[in-house]
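Spelled out from the first residue to the last, the chains are:
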Amino acid sequence: MTNRIPLAAVLGHPVAHSRSPVLHGHWLARYGIAGHYVPIDVAPDHLADTLRQLPSLGFVGANVTIPHKEAARALATTSTDRARAIGAANTLTFGADGAVHADNTDGHGFLANLTAGALGWNAASGPALVLGAGGAARGILHALLGSGLSEIRLANRTRAKAQRLADDFGPSIKVIDWDVAGDALSDATLLVNTTALGMAGQPPLTLDLSNLTPVCTVTDIVYIPLETELLKTARACGCHTVDGLGMLLHQAAPGFEAWFGRTPEVDDDLRRAVLGE
Ligand code: ATR
């Protein structure tokens, strides 16, 4: 085993759109590591079989993306606390015996991006408004609560889904109505869009931003376009803004370190490589 070239993969369905092979490929080349990172399209019915086979083929781990995140967590032999709390995995590490260890680094990536980019924001500065209650929101709420934020206002088109997250994550989550979410901005110091609204090809985000103040840091998980309409409006209002690409880059770092043994840097070279510039 020791002389094998380490292999890692991203498992998704579809998977062709994933930027992860470019991202990890950039780090492998930069650090001169003899390893490979490949996209593998895995239909949902084949996920369990694939996870059984990959370790014996020389794979040391994998990222998992839509639609496999919940199933991968459930199939794993062991899971980190955060993967269990979030209920989904995005990073798997394989033991030599074929054991699958699941982690979820989405929230870590979100927070690392926010703290790297949002000079001035800290968890003690005030309440946050989070939009959306899907899988991405779960990771982000977990990370924000872990950072010590004491009030998170959560708005989702389907209120019952936001309520389910509040039930799971505790009383710091205050559910508010989607239609009046903008009202919660007057004293908020952080606004996070976790929905796909505003992404190229998706409907626009129509949140009323008239109560936004310049003390509010605004971040979007959408990164196509890099500056969404939300970020553009926030910037015009004098807010500090943080784009979503950094979350993708930072969530990848723990996996790379676990598989290839080197802590990778997230910097402008990497951003340019992932943007295809
Ligand atoms: P992800 O795992 O990427 O978060 P998801 O679980 O499908 O994806 O969640 C998508 C989120 O975007 C949800 O909060 C969804 O709201 P609903 O729970 O009401 O479906 C939100 N969303 C998607 N399309 C939307 C739209 N047109 N208007 C408002 N919210 C929308």
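That block above? That's the structure.
Residues numbered from 1 in each chain as written. Predicted model: local features only at pLDDT ≥ 70, side-chain atom pairs only at ≥ 80, totals over all residues. Heavy atoms only, no water.

Asks: What's the story with the pairing of strand β2 (residues 36-41) in this structure? I'm lost.
Replies: In terms of strand pairing, strand β1 (residues 7-12) meets β2 through six bridges, oriented parallel. Paired with Leu11 across the strands is Ile40, a residue of β2. Traced from β1 through helix α1 (residues 20-30) to β2, the parallel crossover comes out right-handed. (Pairing = 2+ DSSP bridges. Helix = DSSP H or I, 4+ residues; strand = E, 2+ residues; numbered from the N terminus. Right-handed = clockwise from strand over helix to strand, strands pointing away.)

Asks: What should I look at first to understand the packing of α1 against helix α10 (residues 268-275) in this one?
Replies: Each pair of packed helices can be described by the angle between their axes along with the distance between the axes. In contact at an axis separation of 9 Å, α1 and α10 are set at 135° when each is read in the N-to-C sense. With respect to their mutual orientation, α1 and α10 come out oblique. Crossing of α1 over α10 shows right-handed handedness. Every residue of α10 that contacts α1 at Val22, Leu23, His26, Trp27 and Arg30 is listed here: Asp269, Leu270, Ala273 and Val274. Looking at the contact of α1 with α10 residue by residue, the classes come out as six nonpolar, one polar and two charged. (Axes fitted to C-alpha atoms, helices over the stretch in contact; angles between N-to-C directions. Parallel < 35°, antiparallel > 145°, perpendicular 65-115°, else oblique. Left-handed = near helix turned anticlockwise from the far one by under 90°. Contact = heavy atoms within 4.5 Å. Nonpolar A, V, L, I, M, F, W, Y, C, P; charged D, E, K, R; others polar.)

Asks: Honestly, the layout of surface pockets in this entry has me stumped. Any pointers?
Replies: When its volume is computed, the largest pocket comes out at roughly 1400 Å³. Lining the largest pocket are 47 residues, and of these Ile66, Lys69, Ala136, Met199 and Ile221 sit closest to its centre. Those elements that place two or more of their residues in the lining of the largest pocket are β3 (59-64), α3 (69-75), α6 (135-146), α9 (245-260) and α10. In terms of residue count, α9 provides more of the lining of the largest pocket than any other element does, four residues in total. Taken together, the residues that form the lining of the largest pocket break down as 22 nonpolar, 19 polar and six charged. Counting only domains with at least three residues in the lining of the largest pocket, you end up with domain 1 (7-104 + 251-275) and domain 2 (107-243). (1 Å grid on protein atoms, 1.4 Å probe; cavity = no way out; pocket = protein on both sides within 12 Å on 5 of 7 lines; lining within 4 Å. Points joined across faces, edges and corners; volume = space filled by probe spheres on them. Domains from an automatic or database assignment.)

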